[in-house]
Amino acid sequence: MNKGLYIHVPFCRRKCRYCDFYSVTDTGLSDSYVQAAIRNIKTRKDIFNTVYFGGGTPSLLSGRQISDILSAADISDKAEISTEINPDSADITKLIEFRQAGINRISVGIQSLDDIELKMLGRLHDSEHAVRAVASAHRAGFENISADLMLGLPYQRTETVLRNIERLSELGITHISAYMLKIEEGTPLSEDKELISNIADEELSAEIYLSACNALEEKGFHQYEISNFAKSGFECRHNLKYWRCEDYFGVGPSAHSCIDGKRFAVPKDIHAFINSERQREIITDDSPCGEEERLMLALRLSEGYLIPEGNAGERLIHASKPLEAHGLLYIRDGRIILTPEGFLVSNSIICRLSDALEEG
């Protein structure tokens, strides 16, 4: 079976105030990083039908570096090859280089089209740069363009989110990742008491999320995962591997893998990654993708969880009926599927159904 390849590019010009992903600012290490990535990709004999450059800021790499990394992998025909870009580091020249290197899907880290929100988040771009980046992606020949949108920001109101969605929908993009802000411990944002005290409460967060879901649906973006919305045929095939418990191999400091019957992670150390002939891989789970995990991941998706036969399935249906009566999920074609209201409280639903699954 074809597998996914994730490449963590650990470079950023500056850390955003909310971000806890691993990155460094020393881009002078990029050539050494690329050579290390190539060495590690060549250790695999797999065929990859999805590739995803994440970060960090992959658009700080050159088109040549991206091309060199892709050349090291055995990639199938018609593979989805994605990269994240930031508006401040992806001009038309860079995007044309990426297209020529083999990238066919772009994910633009827009986060907001409100300049006040962007400044609060510590982003290096403004709304004009964001709009220009999407236009440049179109000019470079990209037809599969995604944008990130953050929900539940300090001082944010539903009207701001709806304006953002309206503007994004006018840019000709095919996919939107709309996710609630999560305050990560140790980030600058987590230490800003004023902003923390003005983050949307539970009621406003629910209003913002459900309003965003409805607005995106009206604009033709169907919800296929808790935080992901796509025009028909433009779902992110790589990320679907994560939620369907399919195999993927991660390269780079802090990258994760689920392959060969194990989950493992690479330490967050770019120097160790560069200086090792093969990246160190720490096993985090030696028996992944059990039934409880499959339930948890499948319930993130609009396709839902396929109910097993026998007693386990009967217990799940019994536990689901009260939740169905409250509009949090529905049972259809042998699957349990959460509604947008259910996605809001998915953790508690998953716990309840996991308990039912374990009872046997």
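None of these values were measured; they are calculated from a predicted model.

(A) Up close: a negative patch on the surface. A cluster of acidic side chains, namely Glu159, Asp201, Glu202, Glu203 and Glu207, defines a negative patch on the protein surface. At three residues, helix 8 (residues 202-218) tops the list of elements feeding residues into the negative patch. Tracing the chain through its elements places Glu207 in helix 8. Accessibility expressed as a relative area gives 41% for Glu207, which makes it partly exposed.

(B) Examining the pattern of salt bridges more closely. As enumerated under the stated definition, the model contains 14 salt bridges in all. Glu246 is paired through a salt bridge with Lys241; the nearest N and O atoms lie 3.5 Å apart. We classify Lys241 as buried; its relative accessible area is 4%. The residue Glu293 makes a salt bridge to Arg263 at a minimum N-O spacing of 2.1 Å. Taken together, the positions of Glu293 in helix 11 (residues 291-298) and Arg263 in strand 11 (residues 262-265) put the pair 30 residues apart, joining distant regions of the chain. Of the two residues examined, Glu293 and Arg263, each falls in the buried class.

(C) Here's a closer look at the side chain of Asn144. Within the secondary structure, Asn144 is located in the loop between helix 5 (127-139) and strand 5 (145-151). Of the polar contacts made by the side chain of Asn144, one reaches the side chain of Thr174; its length is 3.2 Å. Beyond its immediate chain neighbours, meaning those up to four positions away, Asn144 contacts Asn104, Arg105, Ile106, Thr174 and Phe234.

(D) Expanded view of the pairing of strand 4 (residues 105-111). Within strand 4, seven of the seven residues are buried, which leaves it mostly tucked inside the rest of the structure. Residues Arg105, Ser107, Gly109 and Gln111 line one face of strand 4 and the alternating positions Ile106, Val108 and Ile110 line the opposite face, and both faces are buried. Here four bridges tie strand 4 to strand 5, and the two strands are oriented parallel to one another. Paired with Ser107 across the strands is Ser146, a residue of strand 5.

(E) Representation of unusual backbone geometry. Note that the residue after Gly55, namely Gly56, is joined by a cis bond; omega there is 15°. For Cys245, which is not a glycine, the phi torsion comes out positive at approximately 60°. Here Cys245 lies in the loop between helix 9 (237-243) and strand 9 (248-251). With relative accessibility at 11%, the residue Cys245 sits in the buried group. Even without being a glycine, Ser254 presents a positive backbone phi close to 85°. Positionally, Ser254 belongs in the loop between strand 9 and strand 10 (256-259).

(F) Representation of helix 3 (residues 92-101) in the model. Taken together, the buried positions of helix 3 are occupied by Lys94, Leu95, Phe98 and Ala101. Looking straight down helix 3, one finds its buried side chains confined to an arc of 120°; they lie on one side. Tucked into the core, helix 3 has its buried residues touching helix 2 (63-71), strand 3 (75-85), strand 4 and helix 5. In the segment just after helix 3, Gly102 is the residue with positive phi, at about 120°.

(G) Focus on the environment of Pro10. Residue placement: Pro10 occurs in the loop between strand 1 (3-9) and helix 1 (30-41). For Pro10, a relative accessible area of 0% translates into the label buried. Expressed as a C-alpha distance, the spacing of Pro10 and Ala255, which sit 245 residues apart in the sequence, is 9.7 Å. In contact with Pro10, other than residues within four places in its own chain, are Tyr22, Ser23, Val24, Tyr33, Pro253 and Ile270.

So, how was this worked out
Residues numbered from 1 in each chain as written. Predicted model: local features only at pLDDT ≥ 70, side-chain atom pairs only at ≥ 80, totals over all residues. Heavy atoms only, no water. Patch = residues over 30% accessible without salt bridge, like charges linked within 9 Å, V, L, I, M, F, W, Y side chains within 5 Å. Areas by Shrake-Rupley, 256 points an atom, 1.4 Å probe, with all protein chains shown as cover. Salt bridge = Lys/Arg side-chain N within 4 Å of Asp/Glu carboxyl O. Lys, Arg positive; Asp, Glu negative; His and termini not counted. Charge placed at Lys NZ, Arg CZ, Asp CG, Glu CD. Helix = DSSP H or I, 4+ residues; strand = E, 2+ residues; numbered from the N terminus. Buried < 20%, exposed > 50% of the residue type's maximum accessible area, 1.4 Å probe, protein only. Polar contact = N/O pair within 3.5 Å; in protein donor to acceptor, adjacent residues only side chain to side chain. Contact = heavy atoms within 4.5 Å. Pairing = 2+ DSSP bridges. Arc of directions from axis to C-beta.

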